[in-house]
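Coordinate inspection notes
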Amino acid sequence: MLSWLKPSPLLAEQEQQWLLDTFLWAFEHFDGEYFRQHTQLVLPTNEFFSGQSHSVAQMAEQVFTQVKQYAGLEKWPLVLVAPELSQPQRFPRMEFANCLRGPQAHLVSSDGQVQVSYNPQQINQPQDLIASFAQGMARVMIYQGGQLPPGGEQYVDAATEVVASFFGFGVMLSNTVYQFRGGCGKCYNPYANRSSELSEQQQVFLLALFCHIKGIDKGAAHLKGHLRSYFKKATKTLRALAQNSPDPLLLSLLTKDQA
């Protein structure tokens, strides 16, 4: 009788399930053990992104190196190139031993490097730059792994954002889905915005999933104000899933791996 008083869910069941399935796919194929032991929630603060730079190129290189490290890809042959030098490239064949990510990863062989470039207009929007680098590195990992995400090839673009959130960059990804124009048109630069396949609600759900698994209580602290209610809704949903999820891996992550 009072069902109309119940709050609406953050996501439709089908889109929520795809996000869960794709996060689990990332866990299974992209070094879930590294995720368990070392992945942290990366925040847009000086604690995570420190240092001074004196040029666009220097700042881009600095952020690129830090994102690469937080993603656990420091042993991968990823190199940053200036936009004007970026060219179509053939994806190299890489072989790793021990594990895929972190200092213990051992690159056995590679027949080339992977060039990553950047949008110079994002220099003044560092969260966009960070999220874009994380997305690009996630795409490299997907193609290196050779395993398509749930849904197949048509979902690769969206899956790069799931993997980037799996890397720990969910705050920046959530904050950069939509850029408010504000009251001053001169302050808004659409060319600096990150391209996103997922909605704000979907990104925040992934962030809440990450934080629930890792046992992080203050995951919403650095979100834009209007996103925090989404985070709260997502957290409630995940608590319910932790009680009755039929997926054994998801149930294990939601109930046993909290730090």
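Residues numbered from 1 in each chain as written. Predicted model: local features only at pLDDT ≥ 70, side-chain atom pairs only at ≥ 80, totals over all residues. Heavy atoms only, no water.

1. Remarks on the overall build of the protein chain
Our working rule: Numbering goes from the N terminus for both helices and strands, where a helix is a DSSP run of H or I of at least four residues and a strand is a run of E of at least two. When a residue's accessible area, from a 1.4 Å probe over protein chains only, is under 20% of the maximum for its type it is buried; when over 50% it is exposed; and in between it is partly exposed. Whether two residues are in contact is decided by their heavy atoms, any of which lying within 4.5 Å being enough. All accessibility values rest on the Shrake-Rupley procedure with a 1.4 Å probe; residue burial counts only the protein chains present in the view.
Of regular secondary structure, the protein chain possesses nine helices and four strands. Helices and strands in the protein chain line up, N terminus first, as α-α-α-β-β-β-β-α-α-α-α-α-α. Sorting the 259 residues of the protein chain into buried and exposed places 46% on the buried side. Pairs at least 24 residues apart make up 71% of the contacts formed inside the protein chain by residues separated by at least 6 positions. When the accessible surface of the protein chain is split by element, carbon and sulfur atoms take 50% of a total near 13600 Å².

2. Regarding the pattern of salt bridges
The line we're drawing: The working definition used for a salt bridge is a side-chain nitrogen of Lys or Arg within 4 Å of a carboxyl oxygen of Asp or Glu.
Under the defined criterion, the tally for this structure stands at three salt bridges. A salt bridge links arginine 90 to aspartate 111; the nearest nitrogen and oxygen atoms lie 3.4 Å apart. In this pair, arginine 90 is assigned in the loop between β1 (78-80) and β2 (94-97) and aspartate 111 in the loop between β3 (106-110) and β4 (114-116), connecting sequence segments 21 residues apart. Relative accessible area serves as the criterion here: at 55%, arginine 90 is assigned to the exposed category. Salt-bridge contacts for arginine 139 lead to aspartate 157; the nearest nitrogen and oxygen are separated by 2.8 Å. Highlighted residues: arginine 139 in helix α4 (residues 126-145) and aspartate 157 in helix α5 (residues 156-166), separated in sequence by 18 residues.

3. A word on the nonpolar core
What counts here: The term nonpolar core refers to a set of buried residues drawn from Ala, Val, Leu, Ile, Met, Phe, Trp, Tyr and Cys, joined through side-chain atoms within 4.5 Å.
Grouped together as the largest cluster of nonpolar side chains are 75 residues, with contacts concentrated most on Phe49, Val67, Phe133, Phe167 and Phe169. Top element by residues in this core is α4. It accounts for 10 residues. Not counting chain neighbours up to four residues away, the residues in contact with phenylalanine 169 comprise Val42, Phe49, Val67, Tyr70, Ala71, Ile130, Ala134 and Ala164.

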